[in-house]
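Take a look at the letters that make up each chain.
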Amino acid sequence: MQKTLIVGNWKMNLNVSQASLLVHRLHENIKIHRDIEVVLAPPMLNLQPLSLQIDRRQFKLAAQNAYHKDEGAYTGEVSFTMLHDLVHFVIVGHSERRHIFDESFDDICAKVAAAFRNNIIPILCVGETKTERLDGLMNQVLHDQVVTALANITTTEVEKLVIAYEPVWAIGTGDVATPSQAEKAARIIKNNIAELYGHDAADKVTILYGGSVTPDTAGGFLRSKGIGGLLVGGASLNYRQFSDIVDIAYRVKHGIRHERERK
Ligand code: PGA
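Residues numbered from 1 in each chain as written. Predicted model: local features only at pLDDT ≥ 70, side-chain atom pairs only at ≥ 80, totals over all residues. Heavy atoms only, no water.

1. With respect to the side chain of serine 79
So, point 1. Summarising the element assignment, serine 79 is placed in the loop between β3 (60-63) and α3 (80-83).
So, point 2. For serine 79, a relative accessible area of 4% gives the class buried.
So, point 3. In contact with serine 79, other than residues within four places in its own chain, are Ala66, Tyr67, Lys69 and Asp70. (Helix = DSSP H or I, 4+ residues; strand = E, 2+ residues; numbered from the N terminus. Buried < 20%, exposed > 50% of the residue type's maximum accessible area, 1.4 Å probe, protein only. Contact = heavy atoms within 4.5 Å.)

2. So, the site of the ligand
So, point 1. Taken together, 13 residues lie around the ligand, and Lys11, His94, Glu166, Gly172 and Ser212 are the ones closest in.
So, point 2. Glycine 172 places a main-chain nitrogen or oxygen 2.6 Å from an oxygen atom of the ligand.
So, point 3. The separation between an oxygen atom of the ligand and a polar main-chain atom of glycine 233 is 2.9 Å.
So, point 4. Relative to its unbound accessible area of 280 Å², the ligand is 95% covered by the protein chains.
So, point 5. Of the residues contributing to the shell around the ligand, the split by class is 4 nonpolar, 7 polar and 2 charged. (Near = heavy atom within 4 Å. Polar contact = N/O pair within 3.5 Å; in protein donor to acceptor, adjacent residues only side chain to side chain. Areas by Shrake-Rupley, 256 points an atom, 1.4 Å probe, with all protein chains shown as cover. Nonpolar A, V, L, I, M, F, W, Y, C, P; charged D, E, K, R; others polar.)

3. A few points about the layout of surface pockets
To find the voids left in a structure, one rolls a probe of water-molecule size over its atoms.
So, point 1. In this structure, the largest pocket occupies an estimated 560 Å³ of space.
So, point 2. Lining of the largest pocket is provided by 20 residues; of these, Met12, Gln64, Asn65, Arg97 and Phe101 occupy positions nearest its centre.
So, point 3. For the lining of the largest pocket, the class distribution of residues is 11 nonpolar, 5 polar and 4 charged.
So, point 4. The volume enclosed by the second largest pocket comes to roughly 240 Å³.
So, point 5. Taken together, 13 residues line the second largest pocket, and the ones lying closest to its centre are Gln2, Ile121, Lys160, Val162 and Thr206.
So, point 6. Taken together, the residues of the lining of the second largest pocket break down into 5 nonpolar, 3 polar and 5 charged. (1 Å grid on protein atoms, 1.4 Å probe; cavity = no way out; pocket = protein on both sides within 12 Å on 5 of 7 lines; lining within 4 Å. Points joined across faces, edges and corners; volume = space filled by probe spheres on them.)

4. Regarding the packing of helix α7 (residues 138-149) against helix α9 (residues 179-197)
So, point 1. Viewed as axis vectors pointing N to C, α7 and α9 meet at an angle of 45 degrees, and their least axial separation amounts to 10 Å. Between α7 and α9, the interaxial angle falls into the category oblique. For the element pair α7 and α9, the recorded crossing hand is right-handed. On α9, the residues touching Met138, Asn139, Leu142, His143, Val146 and Val147 of α7 are Lys184, Ala185, Ile188, Ile189, Asn192, Ile193 and Leu196.
So, point 2. Across the contact of α7 with α9, the residue classes tally to 9 nonpolar, 3 polar and 1 charged. (Axes fitted to C-alpha atoms, helices over the stretch in contact; angles between N-to-C directions. Parallel < 35°, antiparallel > 145°, perpendicular 65-115°, else oblique. Left-handed = near helix turned anticlockwise from the far one by under 90°.)

5. So, the pairing of strand β6 (residues 162-165)
So, point 1. By the alternation rule, side chains of β6 split into Val162 and Ala164 and Ile163 and Tyr165, which are all buried.
So, point 2. When strand β5 (residues 121-126) meets β6, the two strands line up parallel, connected through 4 bridges. Opposite cysteine 125, over in β6, you have alanine 164 as the bridge partner.
So, point 3. Pairing geometry for β6 and strand β7 (residues 206-210), over 4 bridges, is parallel. Its bridge partner lying in β7, valine 162 is registered against threonine 206. (Pairing = 2+ DSSP bridges.)

6. Observations regarding the sheet that holds strand β1 (residues 4-9)
Sheet strands pair by backbone hydrogen bonding; their relative direction is either parallel or antiparallel.
So, point 1. Reading around the barrel, the 8 strands line up as β1-β2-β3-β4-β5-β6-β7-β8 and close back on themselves, with parallel pairing between neighbours. Taken pair by pair, the neighbouring strands of this sheet meet at an average axis angle of 25 degrees, ignoring direction.
So, point 2. In terms of strand pairing, β7 meets strand β8 (residues 229-232) through 3 bridges, oriented parallel. Within β8, the residue paired with glycine 210 across the bridge is leucine 231.
So, point 3. Packed on one face of the sheet, helix α5 (residues 105-117) meets β4 (89-92) and β5 and runs near 160 degrees to β5.
So, point 4. Sitting on the sheet, α7 is in contact with β5 and β6, with an inclination near 155 degrees to β5.

Pasting the structure below:
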């Protein structure tokens, strides 16, 4: 059985000592479960100190971005090669990178390839904007984002891939998608992968939902068909909320209803 993946994307928040404190709190509040993988994606600067602080049975690390060349004259960049001892995952193509930093399909494709070349699992983010959804373009947008990102990827690699469906209109807005919208997107993404790599490979790809996830909404997504975990932004900076989300993931996996759902 695939592990449920709960990823906390801290974005550009927390300096080194604040990050260390948050990890300390998470360490106290999150139990190690064999079937739940908890991944922390702090700012780049925090990866090295946190890699010394964490117990890797409890938490894995992810970078939020990296540059696709392995080394060279690229002032200001950090490569996947430099990260490969520190992290298991790198978030690639987050909508903030696509929209604020103008990352193109080609950039994202090169990053996915660089991740695999350096034995790092990419968490590829895809998702439509509000206008694209209203214009009926969601299928096309997801198709284009998935297909272009995987141009250089083999079947063995794609089976390890994680794809986060993050509708842009739900990120940081409190305007959360419904579980059935997430299910539908997961189905579209899996179909796109099946067309390229076959159904067996598509079955193995882990699909996450991301966008304003809180402890109140986490359970609904985790019970949705085709959703194997969550990419959590804002709520991952609050140790109580993030620990609750991990606890909910455990309960969903084991068919135990959560306290807040009994009310
Ligand atoms: P959010 O962010 O949970 O704050 O909406 C999710 C993300 O951007 O990955």
